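Chains, contacts and geometry: an overview
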Amino acid sequence: MKGIFIIADGLGGRPSDIDGKTCLEAADTPYLDALATRGSSGLVDPIGPGVRPGSDTAHLSLMGYDPYEVYTGRGVFECLGIGMDVKAGDICFRANFGSVETSDDGLRLLDRRAGRINEGQKDLEAALRGLSIPGTEIDFLASTQHRGALRIRGEGLSRFISETDPHVIGELLHPSAPTADVPGAQKTADLVNQITQQSYELLVEHPLNQKRISEGKLPANVLLLRGAADCPDLPSIESIYGVRGAVIAGGALYRGVAEACGMTYIPVEGATGGLDTDIVAKAEAVLNALKTYDYVFCHLKGTDNAGHDQDAEAKKAFIERMDTELFKTLIERVDWDSTHLAFTGDHCTPIDYGDHTVDPVPVLFVGPNIPRDSGTTIGIRVAGQGGLGRFSGRVLPMLLGYCNWAPKFGS
Ligand code: ZN
Ligand code: ZN
């Protein structure tokens, strides 16, 4: 048996998306419909009914973990997802390049994304190798646009500290402070404040920033740190089910979650984690990975990006592109006598709301052990009448179970 698990981020929507239909319902998806005709659909509450999911917590839940038990923050997934190693005791952050100006009271925020910087980040990363505080090891890596991740390694650190990003233009950067009375929190908050100040000093005169300013662009002259997290204690999927999995994802966060679950990352050229991602390349990578691994998890982010942008046409178009560039390929080239597929989203990102909501998400299972229901598509209303009913999280354990890999609980 082989397993394929596909998550389209923020796949779900609401009737307000397009003329009384969700984007998934409105999209023209003949190949997805063909799969739905062969399989069984349902609705999944990614974490639980009434819980508004973040992407990281939703993914943990869909992979079979209890996020209320294991989630320590997004920073660790950002660091893993960018290729850093993370060990117990490290504190990890999502680190954005931001734009600030000095004022009498401190650094004042001009932009949270440094004018959506899209070149020269590796030069800035090199400059930030100058971050230095005795007794600690500080690592920063830039990823796409303004994004990056930072890891502090040292003795007696704590994740219970606040972020420095004020989220509001014109406000002073917030000094990090302990959020709980626990050992190490004050020390870690102090380190974060020193790193913030040092990042400004290392970047403010950087030639790239002088060039940006001369071109009328915002400088990338500070690191904004948020999502402090330490290493979560997750038993790997392999240790539970005895099977090996691979992850194909353009977004660092999703690669990071999957790596934390024990999956092996497979890089794909052109996988951007955005609407412009190369879905054809990802489909090929899924088929290739299936030769080596028992199951493959493939993440597509474009649906969520379009939802946040409140762009119904872009979301619908991305779903239609998935249909022809991914599902058509799978229909034609997967051995369906020995393969199970699960397809869902990690939450809804409706167009009019522009953010994640509590609504359940359609889910589809296809494979030899899955009884067909009467559905011929997987829009939210059809899925609500589907053979799988409505359940919470745990889509990957269900998929692995259909592949006959689930351990028995009890005797
Ligand atoms: Zn998401
Ligand atoms: Zn989102």
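Residues numbered from 1 in each chain as written. Chains lettered and ligands numbered in written order. Predicted model: local features only at pLDDT ≥ 70, side-chain atom pairs only at ≥ 80, totals over all residues. Heavy atoms only, no water.

Topic: the side chain of Thr 196
Along the chain, the position of Thr 196 falls in helix 7 (residues 185-203). Using a relative accessible area of 7% as the deciding quantity, one classes Thr 196 as buried. In contact with Thr 196, other than residues within four places in its own chain, are Thr 164, Leu 173, Val 222, Leu 223 and Leu 225. (Helix = DSSP H or I, 4+ residues; strand = E, 2+ residues; numbered from the N terminus. Buried < 20%, exposed > 50% of the residue type's maximum accessible area, 1.4 Å probe, protein only. Contact = heavy atoms within 4.5 Å.)

A look at the coordination of the zinc ion (ligand 1)
Think of it this way: four donors in a tetrahedron around the metal ideally sit 109.5 degrees apart, and six in an octahedron ideally sit 90 or 180 degrees apart. With distances of 1.9 to 2.8 Å, the protein atoms coordinating the zinc ion (ligand 1) are Asp 9 (OD), Asp 9 (OD), Ser 55 (OG), Asp 346 (OD) and His 347 (NE2). In terms of primary sequence, the donors binding the zinc ion (ligand 1) are separated according to D-x45-S-x290-D-H. The metal-metal distance between the zinc ion (ligand 1) and the zinc ion (ligand 2) is 4.4 Å. Linking Ser 55 in helix 3 (residues 55-62) with His 347 in the loop between strand 11 (339-344) and strand 12 (361-366), this pair joins segments that are 292 residues apart in sequence. Side by side, Ser 55 and His 347 carry an identical accessibility label, which is buried. (Donors = N, O, S within 2.8 Å, 3.2 Å for Na, K, Ca; no water.)

Quick notes on the domain arrangement of the chain
Domain annotation for the chain reports domain 1 (2-71 + 233-402) and domain 2 (80-229). Using only C-alpha atoms to locate each centre, domain 1 and domain 2 end up separated by 32 Å. Residue-level contacts link five residues of domain 1 with four residues of domain 2. Summing both partners gives a buried area of about 400 Å² for domain 1 against domain 2, and 57% of it is carried by carbon and sulfur. (Domains from an automatic or database assignment. Buried area = accessible area lost by both parts, 1.4 Å probe.)

Quick notes on the packing of helix 11 (residues 279-292) against helix 13 (residues 312-333)
Look at helix 11 against helix 13: their axes get within 9 Å of each other, and the N-to-C directions meet at 30 degrees. Considered as vectors, helix 11 and helix 13 are oriented roughly parallel to each other. Between helix 11 and helix 13 lies a crossing of right-handed hand. Taken together, the residues of helix 13 that come into contact with helix 11 (itself represented by Ile 279, Val 280, Ala 283, Glu 284, Val 286 and Leu 287) are Phe 318, Arg 321, Met 322, Glu 325, Leu 326, Thr 329, Leu 330 and Arg 333. Along the lines of polarity and charge, the residues of the contact of helix 11 with helix 13 split into nine nonpolar, one polar and four charged. (Axes fitted to C-alpha atoms, helices over the stretch in contact; angles between N-to-C directions. Parallel < 35°, antiparallel > 145°, perpendicular 65-115°, else oblique. Left-handed = near helix turned anticlockwise from the far one by under 90°. Nonpolar A, V, L, I, M, F, W, Y, C, P; charged D, E, K, R; others polar.)

Digging into the sheet that holds strand 11
Strand order in the open sheet formed by eight strands is 9-8-10-1-11-12-2-13, with mixed pairing between adjacent strands. At either end of the open sheet lies a strand with only one pairing partner, and these are strand 9 (264-265) and strand 13 (389-392). With four bridges connecting them, strand 11 and strand 12 associate as antiparallel partners. Each bridged residue has a counterpart across the sheet, and for Thr 344 the counterpart in strand 12 is Val 363. Against the sheet, helix 3 contacts strand 1 (2-8), strand 2 (40-45) and strand 10 (295-300), and its axis sits at roughly 155 degrees relative to strand 1. (Pairing = 2+ DSSP bridges.)

A look at the layout of surface pockets
Of the volumes computed, that of the largest pocket is approximately 1,500 Å³. Residue lining of the largest pocket: 49 residues in total, with Arg 74, Arg 94, Arg 147, Tyr 254 and Lys 301 positioned closest to the centre. Among the elements that take part in the lining of the largest pocket, helix 10 (residues 252-260) stands out by supplying four residues, more than any other. Along the lines of polarity and charge, the residues of the lining of the largest pocket split into eleven nonpolar, 21 polar and 17 charged. Two domains each put at least three residues into the lining of the largest pocket: domain 1 (2-71 + 233-402) and domain 2 (80-229). Put simply, the second largest pocket is a space of about 180 Å³. What lines the second largest pocket is a set of 13 residues, and nearest its centre among them are Gly 106, Leu 107, Leu 173, Thr 196 and Gln 197. Within the residue set of the lining of the second largest pocket, elements represented by two or more residues are strand 3 (91-103), strand 4 (106-111) and helix 7. Looking at which element gives the most residues to the lining of the second largest pocket, the answer is helix 7, with three residues. Classifying every residue of the lining of the second largest pocket by side-chain character gives four nonpolar, eight polar and one charged. (1 Å grid on protein atoms, 1.4 Å probe; cavity = no way out; pocket = protein on both sides within 12 Å on 5 of 7 lines; lining within 4 Å. Points joined across faces, edges and corners; volume = space filled by probe spheres on them.)

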